[in-house]
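Breakdown of the fold
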Amino acid sequence: MASRGGGRGRGRGQLTFNVEAVGIGKGDALPPPTLQPSPLFPPLEFRPVPLPSGEEGEYVLALKQELRGAMRQLPYFIRPAVPKRDVERYSDKYQMSGPIDNAIDWNPDWRRLPRELKIRVRKLQKERITILLPKRPPKTTEDKEETIQKLEKEEEVTSEEDEEKEEEEEKEEEEEEEYDEEEHEEETDYIMSYFDNGEDFGGDSDDNMDEAIY
Amino acid sequence: MTQAEIKLCSLLLQEHFGEIVEKIGVHLIRTGSQPLRVIAHDTGTSLDQVKKALCVLVQHNLVSYQVHKRGVVEYEAQCSRVLRMLRYPRYIYTTKTLYSDTGELIVEELLLNGKLTMSAVVKKVADRLTETMEDGKTMDYAEVSNTFVRLADTHFVQRCPSVPTTENSDPGPPPPAPTLVINEKDMYLVPKLSLIGKGKRRRSSDEDAAGEPKAKRPKYTTDNKEANLDRFHQHFRDQAIVSAVANRMDQTSSEIVRTMLRMSEITTSSSAPFTQPLSSNEIFRSLPVGYNISKQVLDQYLTLLADDPLEFVGKSGDSGGGMYVINLHKALASLATATLESVVQERFGSRCARIFRLVLQKKHIEQKQVEDFAMIPAKEAKDMLYKMLSENFMSLQEIPKTPDHAPSRTFYLYTVNILSAARMLLHRCYKSIANLIERRQFETKENKRLLEKSQRVEAIIASMQATGAEEAQLQEIEEMITAPERQQLETLKRNVNKLDASEIQVDETIFLLESYIECTMKRQ
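I will try to describe carefully the structure that is included in this document. If you're wondering where the values come from, they're calculated on a predicted model, not measured in any experiment.

About the cut-offs
Once a new chain begins, its residue numbering starts again from 1 and follows that chain's sequence as written. Think of it this way: whatever chain is written first is A, whatever ligand is written first is 1, and the rest follow in order. Local features are withheld for residues below a pLDDT of 70 in this predicted model, meaning they are given only at 70 or higher, and side-chain atom pairs are given and counted only at 80 or more; totals for whole chains, interfaces and linings count all residues. Each side-chain value is worked out from all heavy atoms of the structure, with water and hydrogens disregarded. By definition in these notes, contact holds between two residues if any of their heavy atoms fall within 4.5 Å. By definition, the buried area sums, over both parts, the 1.4 Å-probe accessible area that each loses when the two are put together. A side-chain nitrogen of Lys or Arg and a carboxyl oxygen of Asp or Glu constitute a salt bridge if their distance falls within 4 Å. Polar contact criterion, stated in full: a pair of N or O atoms within 3.5 Å, where within protein one must be able to donate a hydrogen and the other to accept it, and residues adjacent in sequence count only if both atoms are side-chain atoms. A run of DSSP states H or I qualifies as a helix once it reaches four residues; a run of E qualifies as a strand once it reaches two. Both are numbered from the N-terminal end. For this classification, Asp, Glu, Lys and Arg are treated as charged, while Ala, Val, Leu, Ile, Met, Phe, Trp, Tyr, Cys and Pro are nonpolar and the rest, including Gly, are polar. Exposure classes here rest on a 1.4 Å probe applied to the protein chains alone. A residue is buried below 20% of its type maximum, exposed above 50%, and partly exposed in between. When DSSP finds two or more bridges between two strands, those strands count as paired. Aromatic pairing here means that ring centres of Phe, Tyr or Trp (its six-membered ring) are within 6.5 Å. Orientation follows from the plane angle: under 30 degrees is stacked, over 60 is edge-to-face, and everything else is tilted. Put plainly, a pocket is an open set of points on a 1 Å grid over the protein atoms alone with protein on both sides within 12 Å along at least five of seven lines, a cavity is a set where a 1.4 Å probe fits but cannot get out, and a lining residue has an atom within 4 Å of a point. Grid points are joined across faces, edges and corners, and a volume is the space filled by probe spheres set on the points.

With that out of the way, let us pick up the interface of chain B and chain A. With 67 residues of chain B at the contact, the number on the chain A side is 47 residues. Of the roughly 5,100 Å² buried between chain B and chain A, counting both surfaces, carbon and sulfur atoms make up 63%. Scanning the region where chain B abuts chain A turns up two salt bridges. Close ionic contact of B:D500 with A:R68 constitutes a salt bridge, the shortest N to O distance being 3.1 Å. Our count for the contact surface shared by chain B and chain A stands at eight residue pairs in polar contact (both at pLDDT 80 or more). Looking at the side of chain B that touches chain A, the elements that each hand over two or more residues are α1 (3-17), α2 (19-31), α4 (47-59), β3 (73-77), α6 (88-113), α14 (328-348), α17 (378-390) and α21 (483-523) of chain B. When residues in the side of chain B that touches chain A are grouped by element, the largest group, ten residues, is from α4(B). Across the side of chain B that touches chain A, the residue classes break down as 34 nonpolar, 16 polar and 17 charged.

As structure tokens, this is what we get:
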């Protein structure tokens, strides 16, 4: 304890070991103390050796870049879903964002994976860039189907498997509805999901007969 | 796992599989083995996204799972396997040199998809080859299958562990996760695949070919194959040894060593310290056809190799004209030491390298003696020693003269601990590759707008050429990219190529150092 402060005050540059053994002679100038972190890109004393060039090097390089590009196109590359912004923008259509639903595009061997990892495999979607007119009549029926399904879901006491099935079906419906919404948005200014065709109105109040129907 | 390794894994996963997989993968590497719900909770991602990511990771052998008691399945990431992704181009190129384009595509498909069944691989490769061939010609499935079988015979492709088939059907509920087993003997079996047909039009050719009974329909195989990375590493190691011998001695001795290694490819396991003893007569018989050296000359070469101080080849007996082994561990140690020496030389200069080699040779040496032996003035020698000491290439060993360890009465000896220096260098390599990848991504992001523009212009030109446009129109479109922009693109391309080539180069160093560290740890 007593020597701790003493060592600092007694002689400047006193170290715990014999300085001569390491090679610093008496009276030699010590290098200046470092007062700042070392520079980010210190100047190199020796230039690095050139990279291997030649047929093999170039082939492997091209292969590497090709692999990188190829892996981005495979179904294993999962793009995160772009979060829904406050306003739908025109550029959203052209952005490559991931699908929002929970399915994978490739078919793994489910026997080799734990059961808990099983996810729906998305079937190959046919091209959805169809003309608007033929889509209109089926759309209303799809709407009706979906609302009926929603009602059914509310009323039934379902087991897990049934729920899963319905979720899948609903998601498929949702998918189709999403695409339809996009196509319809081109011609109307109104957001389709706000559209209420009045079918829910009568159904909801069927449960409670006490209230008067206006 | 060190921070540098985790950072590198994160960059690799993000580049190849996207951000969601990267988040899950890095979390697993950091925290070890975890069940599904804990992963979802800790990373804050939805359960479905976690399931998606885990499916991808397990498919590519980056994550393994284990069933614990009470049916809980825990997932564990293999950090070293993620780092192998850097080496994919090298694996594919090696297969190309050994088995030409067909083999190259087979290994490429296996690496890109993790694991595949044999029939799926054969079909994909044949389709790809058919696309590149001239019109009218198609790739025969049988040829691709043959190459596949050859790859399996030399152990470059192996079977994945599969679900064991139980004889009696278990009436109880199926286990939450299969326990995959693989029999050592079955690792390289290939199913008898009778795929008939060529190229894309396989199905139609089955029906077209009259007289073929329906029973000959191609059987689809169900067991998965994957690329055997250990075998590739063995091959790389052999290549490194052969080229080292060629550099040190001459071409003929390297051919002899190559023959010896080839003969012990399958008989020696990859982690053995030395190969099986080979008699000089066997070696003489197995030399490649072009080399007609006499038995005496061969014996002389073998004696020379065995007497060499590097000790790549050792003599283990006298029967059969002399029994010789290749000391794999010693060879790897020499290669790692040579790597260290060359790093010191390139970083600090040739005088430093001389001091480094001196300390390596003398094992422990005092500072005064360094100046005398290396014949370098004292001041410079001191400076260089401290520089290397501060960069952890060397270490100090204290030998006290008195029991109280007084500094004035202690010997300080400089020594090089190859294992720890190799580890330090390996860590630096990981950091440098991470820096290279980040810089490349930064460069690409900076010029993203310009890259997209050039891609669009190329697409326009391609479509116009397809519809037959005139020269003047094409010229006009090409001028959409101005001259300074073109120069910028050229610079970008050059930089990205340089960064990529550096990554490949650093990966070679990583391979040598990792092999050395692995074999030394096994020995202990």
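Further remarks concern unusual backbone geometry. All names here are of chain B. We note that S100 has phi near 60°; this positive angle belongs to a residue other than glycine. With respect to the helices, strands and loops of the structure, S100 is situated in helix α6. Residue class for S100 comes out partly exposed when judged on its relative accessible area of 44%. The backbone of M375 sits at a positive phi, close to 55°, despite the residue not being glycine. Looking at where M375 falls in the secondary structure, it is placed in the loop between α16 (367-374) and α17. A relative accessible area of 69% places M375 in the exposed class.

Looking now at the sheet that holds strand β9 (residues 323-326) of chain B. Residues and elements named next belong to chain B. With antiparallel pairing, three strands are arranged side by side in an open sheet as β7-β9-β8. Of all strands in the sheet, those bounded by a partner on one side alone are β7 (278-279) and β8 (313-317). With four bridges joining them, β8 and β9 adopt antiparallel strand pairing. Residue pairing in the sheet places V313 in a bridge with I326 of β9.

Across the sheet, which stays open at both edges, the three strands sit in the order β1-β3-β2 (chain B) with antiparallel pairing between neighbours. If you trace the sheet from one side to the other, it starts and ends with β1 (34-35) and β2 (63-67) of chain B, each paired once.

Inspection of every chain in the model, using the stated rule, returns ten aromatic pairs over all chains. Centre to centre, the rings of A:Y59 and B:Y93 are 5.6 Å apart; their planes meet at 50°, and the pair counts as tilted. With A:Y59 in helix α3 (residues 55-73) and B:Y93 in helix α6, this pair bridges two chains. Residue classification places A:Y59 among the partly exposed residues on the basis of a relative accessible area of 29%.

To continue, consider empty space enclosed by the protein. This structure, assessed with the given rule, holds four cavities of 30 Å³ or more. Estimated volume of the largest cavity: approximately 130 Å³. Looking at the largest cavity, it is lined by 15 residues, and the ones nearest its centre are A:K64, A:R68, B:H16, B:M85 and B:P89. Of all the secondary structure elements, the ones that give two or more residues to the lining of the largest cavity are α3 of chain A together with α1, α6 and α18 (418-446) of chain B. Take the lining of the largest cavity: its biggest share by element is four residues, from α3(A). A class-by-class count of the residues in the lining of the largest cavity yields nine nonpolar, one polar and five charged. Lining the second largest cavity, in full, are B:A244, B:V245, B:R248, B:M249, B:L305, B:D308, B:L310, B:F312 and B:V313. With three residues, helix α10 (residues 229-248) of chain B is the single largest residue contributor to the lining of the second largest cavity.

Another point: the pairing of strand β12 (residues 410-415) of chain B. On a regular strand, each side chain points to the face opposite its neighbour's, so the side chains alternate between the two faces of the sheet. Residues and elements named next belong to chain B. Across the six residues that make up β12, a large majority, five, are buried. Strand direction decides the pairing type here: strand β10 (residues 364-366) and β12, joined by three bridges, are antiparallel. Across the sheet, I365 pairs through a bridge with Y414, a residue of β12. Examined bridge by bridge, strand β11 (residues 395-400) and β12 share six bridges and lie antiparallel to one another. Bridge pairing in β12 links E398 to Y412.

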